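Structure at a glance
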Amino acid sequence: MASVVETAIRGVVTKGIQAVAGFNRVRMDGEAEHPFLTGIHTPMHEERTLTDLKVTGSIPAQLAGRYVRIGPNPFKPDPRGHHWFIGDGMVHGVRLKDGKAEWYRNRYIRSQMLEAAGGPKAAPGPRRSQRDGVNTNVVQIAGQITAIVEAGSSPALLDDNLETVAYTDFGGTLTAPFTAHPHEDPLTGEFHAITYDAMAPDRVWHVVLSPEGKVVRELAIPVEHGPSIHECTITENYVVILDLPVTFSMKSLIAGQGFPYRWNPEHKARVGLLPRTGGADNVIWCDVDPCYVFHVANSYEDAEGKVIIDSAVYETMFSEGAEGPNGNSAGFERWTVDPATRKVARRTIDAAPQEFPRPDERFFGQPYRYAWAIGIPGDANPAYLGEQPLYRHDLATGERQVCHFGAGRVPGEFVFVPRSHDAQEGDGWMIGYVIDTISDTTDLVILDAADITKPPVAAVHIPHRIPPGFHGNWLPDA
């Protein structure tokens, strides 16, 4: 934990650096078109509530809840120093019940930054940072809809209508930074996270939430260079730390860039196996070839005690410019991490570029069979997204199903929803938003998860474009 003196010194230095960064930012070209502020990414400013939604097909009666996704939606877009990963958060949700689409709503996350820019009044609650924008993921923690982001702001709590109720530090139990990717262990109900803070480049934290939504563990773990660790993963005995060579860049920050993380070839790539209740000295560090991972599909331990990690991998990331993301995709890979030899063996499952891999979350941290992922363009598309397919991987047989959404149609992350709590793995639906760039509209598409090549089970038609976001989840009724 930082001392009072250290905190005070860091605060003064930070203000000075931010002043220089702000000066350099305003000197940039304010008229230039930015790929993440124009075209498909053009922000949506109006908050809407729609109750007369047209539906094609039949919405399964078992679906009772909300599909909610979040993403950056800058209230006052400024291309100078902008990056896709920053900007005011906005949630977009559809409420399903009794085979009907009851409503669509989109709402800003009520941050103090948004209010300062002229937006709606900020929600109350504790802030860990003045930069309190929340824009990356929406989950349920202890039954509460919670919007989250990494490396800074406290989480924000939403009500059933997606209005921001308050910011939270989980009842005063959270003092470390939080993350955009806490993973729930379906066997214990705990959430595990590896978190980081740009102002503390020498450490990351293992944070654990109890099923009741209280922090029960904050373990600081020494690192170097301030790595950007977007997510972690878990197995029966370990929490997996992905310490890879995208790190904090003071040069980028001073230059005025809003997201100051870059590819760092001087940073050793390694995977850490932290025993769930072990200390920082107990981490088993295993070197891996330089690469980067945003998202893990799943992980588990095999019969020999080796850790299996399936994820979307890049050979580099943020190495080709400030706007990003940019990097050379390595496809969908399986890593076998041997804690005895401290070696990592990499094997390609599917070389096609892809992202946002998701499993049947009831099997997270356990042996599993199926993963779904969105393909991404392999042509360095400046908007990152395009007419990409959805893949279904059968990891037992090697079969890959492909769902093509049609000309001009751009899907985001799809999530798995089981048919029932005790359904077999993979028995359920895949749900996600698909933008139609020709009509400038969006569909909430429901697919049969077992055969995504079939026509959609149903589609809820939303009469406007929902800008591409990051992560969403199916949030079932209690």
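Here the structure is a predicted model, which means the values were calculated and not measured. (Residues numbered from 1 in each chain as written. Predicted model: local features only at pLDDT ≥ 70, side-chain atom pairs only at ≥ 80, totals over all residues. Heavy atoms only, no water.)

Concerning the overall build of the chain
The condition that has to hold: Helical segments are the DSSP runs of H or I of at least four residues, strand segments are the runs of E of at least two, and each set is numbered from the N terminus. Three labels apply to residues, based on accessible area from a 1.4 Å probe with only protein chains included: buried if under 20% of the type maximum, exposed if over 50%, partly exposed otherwise in between. Any two residues whose heavy atoms approach within 4.5 Å at even a single point are treated as in contact. Here the positive residues are Lys and Arg and the negative ones are Asp and Glu; neither His nor the chain ends is included. The atom standing in for a charge is NZ when the residue is Lys, CZ when it is Arg, CG when it is Asp and CD when it is Glu.
Counting its secondary structure elements, the chain contains 3 helices and 33 strands. Dimensions of the chain, computed from C-alpha atoms along their principal axes, come out at roughly 60 × 55 × 45 Å. For the chain, buried positions account for 58% of its 478 residues. Sequence-distant contacts, at least 24 apart, represent 60% of the contacts inside the chain between residues at least 6 apart. Taken together, the 43 basic and 60 acidic charged side chains of the chain have centroids lying 4 Å from each other.

Focus on the packing of aromatic side chains
What counts, and what does not: Classification of ring pairs uses Phe, Tyr and Trp, with its six-membered ring standing for Trp, and accepts pairs whose centres are within 6.5 Å; under 30 degrees between planes counts as stacked, over 60 as edge-to-face, and the remaining range as tilted. We count a charge as sitting over a ring when the NZ of a lysine or the CZ of an arginine lies within 6 Å of the ring centre and within 35 degrees of the ring normal.
Inspection of the entire model under this criterion finds 22 aromatic pairs. Look at F248 and Y261: their rings are 5.9 Å apart centre to centre, the planes differ by 75°, and that puts the pair in the edge-to-face class. Residue F248 is found in strand β16 (residues 246-248), and its partner Y261 is found in strand β17 (residues 261-263); the two are separated by 13 residues along the sequence. As far as the burial class goes, F248 and Y261 line up, both buried. Stacked on the ring of Y167, the Lys or Arg R127 has its end atom at 3.6 Å from the ring centre. We note R270 situated over the ring of W285; from NZ or CZ to the ring centre the distance is 3.5 Å.

A few points about the pattern of salt bridges
Convention followed: We define a salt bridge as a contact between a side-chain nitrogen of Lys or Arg and a carboxyl oxygen of Asp or Glu at a distance within 4 Å.
All chains considered together, the criterion is met by 27 salt bridges. Between E46 and R48 there is a salt bridge, with its nearest N and O atoms 3.3 Å apart. Judged by relative accessible area, which is 47%, E46 ranks as partly exposed. E47 is paired through a salt bridge with R110; the nearest N and O atoms lie 2.7 Å apart. Residue E47 is found in the loop between α1 (4-26) and β1 (49-50), and its partner R110 is found in the loop between β5 (100-108) and α2 (112-116); the two are separated by 63 residues along the sequence. Relative accessible area serves as the criterion here: at 29%, E47 is assigned to the partly exposed category.

Some points on the side chain of H183
Which entries qualify depends on this criterion: Pairs of N or O atoms are called polar contacts if they sit within 3.5 Å, as long as, within protein, a hydrogen donor faces a hydrogen acceptor (for residues adjacent in sequence, only side-chain-to-side-chain pairs).
By secondary structure assignment, the location of H183 is in strand β10 (residues 183-184). Of the polar contacts made by the side chain of H183, one reaches the backbone oxygen of C232; its length is 3.3 Å. Residue contacts for H183: discarding those within four places in its chain leaves E190, F191, H192, E231, C232, T233 and F364.

Some words on the environment of Q144
Here Q144 lies in strand β7 (residues 144-148). Distance in space between the C-alpha atoms of Q144 and P353 is 34 Å, their sequence separation being 209 residues. With near-sequence residues (within four places) excluded, Q144 lies in contact with V139, L157 and L158.

Considerations on the confidence of the model for the chain
Test applied: Values of pLDDT, ranging from 0 to 100, describe the predictor's confidence in every residue of the model.
Scored by pLDDT, the chain comes out at a mean of 93, with 93% of its residues at no less than 70. This model gives residues 1-13 a pLDDT under 50, and the stretch forms 8 contacts once residues within four places in sequence are excluded.

Concerning the sheet that holds strand β14 (residues 233-234)
The test is simple: In this scheme, strands are said to pair when DSSP sees at least two bridges between them.
Across the sheet, 4 strands lie side by side as β14-β15-β18-β19; this open sheet has antiparallel pairing. Both edges of this open sheet fall to β14 and β19 (284-287), since each of them pairs with a single strand only.

Points about the pairing of strand β26 (residues 390-394)
Counting buried positions over the 5 residues of β26 gives 5, a clear majority of the element. Burial along β26 is two-sided: L390, R392 and D394 facing one way and Y391 and H393 facing the other are all buried. In the sheet, β26 pairs with strand β27 (residues 400-403) via 4 bridges, with the strands oriented antiparallel. By the bridge assignment for β27, Y391 is matched with V402. Taking the residues that link successive antiparallel strands as the turn, the β26-β27 hairpin has 5 residues, and the phi of G398 there is positive, at about 85°.

Examining the side chain of H34
Following the sequence through the fold, H34 ends up in the loop between α1 and β1. Judged by relative accessible area, which is 3%, H34 ranks as buried. Apart from residues no more than four positions distant in its own chain, H34 is found in contact with P79, H82, H83 and E323.

Looking at the nonpolar core
Test applied: By nonpolar core we mean a set of buried residues, namely Ala, Val, Leu, Ile, Met, Phe, Trp, Tyr and Cys, connected to one another through side-chain atoms within 4.5 Å.
The biggest cluster of nonpolar side chains holds 57 residues, and the ones touching the most others in it are V271 and W335. Of all the elements, strand β15 (residues 238-243) adds the most residues to this core, at 5 residues. When neighbours within four sequence positions are excluded, W335 is seen to be in contact with L242, V271, V288, C291, V293, V307, I308, I309, V313, V344, A345 and R346. Counting residues in each nonpolar core, the second largest holds 21 residues, with L63, V94, W429 and A458 among its members.

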